[in-house]
Amino acid sequence: MNSIEHHITKDGSSTLFSKVFDQYYHNPNGAVSESRHVFFESTGLTEAIKSTTQPISIFEMGFGTGLNFLLLLDYYSKLELSLPIQFYSVEAFPADPETIEHINYQEVLGDDSYKEFLRNVFTSLKSGWNSYSLKNYPNITLNLFYGTFQDLEAPETSIDFFFHDPFSPEVNGELWTVETFEKLKNMASSDAVLSTYCAASKARAALAKAGWYIAKTRGALGKREMTIASLNDQKLSSYKRLKEARLIERFDRSDFG
Ligand SMILES: C[S@@+](CC[C@H](N)C(=O)[O-])C[C@H]1O[C@@H](n2cnc3c(N)ncnc32)[C@H](O)[C@@H]1O
């Protein structure tokens, strides 16, 4: 039995559903709309890639369908960019290549090369780090770690943007711990920004406990809130800041179980 199924979300773009985690990979109201909002538009990433020619590095927690990497290519080509980008991601439980064949991002984003690219990735993955690039995007490299985040050997490059995109804390708890956010912190550049769709106080408290400054902003597709974090509090000046000390106090009191 296949434990991962293909679905079309309400904006017409694909997502997957994991029977093991009992969760969709994206908001069923719109995979592309949600990912654009949470990881590209709300974080300052689109502005940053438009305004620099310096290299940028991104780390994604959970490669899933590959949507975030393809969205990066989409922005890159539509904005006619040329800066070098290193995109790192990790995936412990890749979908099988037959399921990936159903994914429609090449149609939704209007680039046929995306289909062949995903096919190539999902049929060639080997344990540990794998590296890929597309002919039309020679300055962008996908570095994909096949294995668990717990086993991941941190890249040498320091990371500027983190896409924290595991399943929810209720079902994927190991990716929302203080240890996880400390490991991410050790991989980060001093101005790094982390974003996640999640607004749970427990997740925010674990981030704060690991040394991240925290803020909130409007979530995607009518969700009230999402979370933005940084190691530099100046980076959060345009968002509604949260009180890290208060979150840490509650964490230490075991308010979150
Ligand atoms: C919400 S999905 C990611 C969605 C993805 N970013 C996308 O755009 O399609 C979460 C992903 O994290 C992966 N995952 C869960 N636990 C993991 C772990 N401990 N280490 C690495 N990957 C994990 C799952 O297999 C799944 O692909």
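This section reports on the structure supplied with the text. Computed from a predicted structure; not experimentally measured.

So, about the sheet that holds strand E12 (residues 240–241). Overall, mixed pairing links the nine strands, which are arranged E6-E7-E5-E4-E8-E9-E11-E10-E12 in an open sheet. In the strand order of this sheet, the two ends are held by strand E6 (128–134) and E12, each with one partner. Here strand E9 (residues 188–196) pairs with strand E11 (residues 226–230) via four bridges, running antiparallel. Residue Ser195 lies in a different strand from E11, and its bridge partner there is Ile228. Running over the sheet, helix H7 (residues 178–187) touches strand E4 (56–61), strand E8 (159–164) and E9 and is turned about 135° from E9.

Attention now moves to the sheet that holds strand E1 (residues 4–8). If you walk across this open sheet you meet the three strands as E1-E2-E3, and the pairing is antiparallel. On the outer flanks of this sheet lie E1 and strand E3 (23–24), each paired with one strand and no other. Bridge count between E1 and strand E2 (residues 14–18): five bridges; the pairing is antiparallel. For His6, the partnering residue across the bridge sits in E2 and is Leu16.

Packing of helix H8 (residues 201–209) against helix H9 (residues 244–252) leaves a shortest axis separation of 8 Å and a crossing angle of 105°. Between H8 and H9, the angle falls in the class roughly perpendicular. Where H8 abuts H9, its residues Ser201, Arg204, Ala205, Ala206, Ala208 and Lys209 lie against Glu244, Leu247, Ile248, Arg250 and Phe251. Along the lines of polarity and charge, the residues of the contact of H8 with H9 split into six nonpolar, one polar and four charged.

Conventions used here
- Residues numbered from 1 in each chain as written.
- Predicted model: local features only at pLDDT ≥ 70, side-chain atom pairs only at ≥ 80, totals over all residues.
- Pairing = 2+ DSSP bridges.
- Helix = DSSP H or I, 4+ residues; strand = E, 2+ residues; numbered from the N terminus.
- Contact = placed C-beta atoms within 7 Å.
- Axes fitted to C-alpha atoms, helices over the stretch in contact; angles between N-to-C directions.
- Parallel < 35°, antiparallel > 145°, perpendicular 65-115°, else oblique.
- Nonpolar A, V, L, I, M, F, W, Y, C, P; charged D, E, K, R; others polar.

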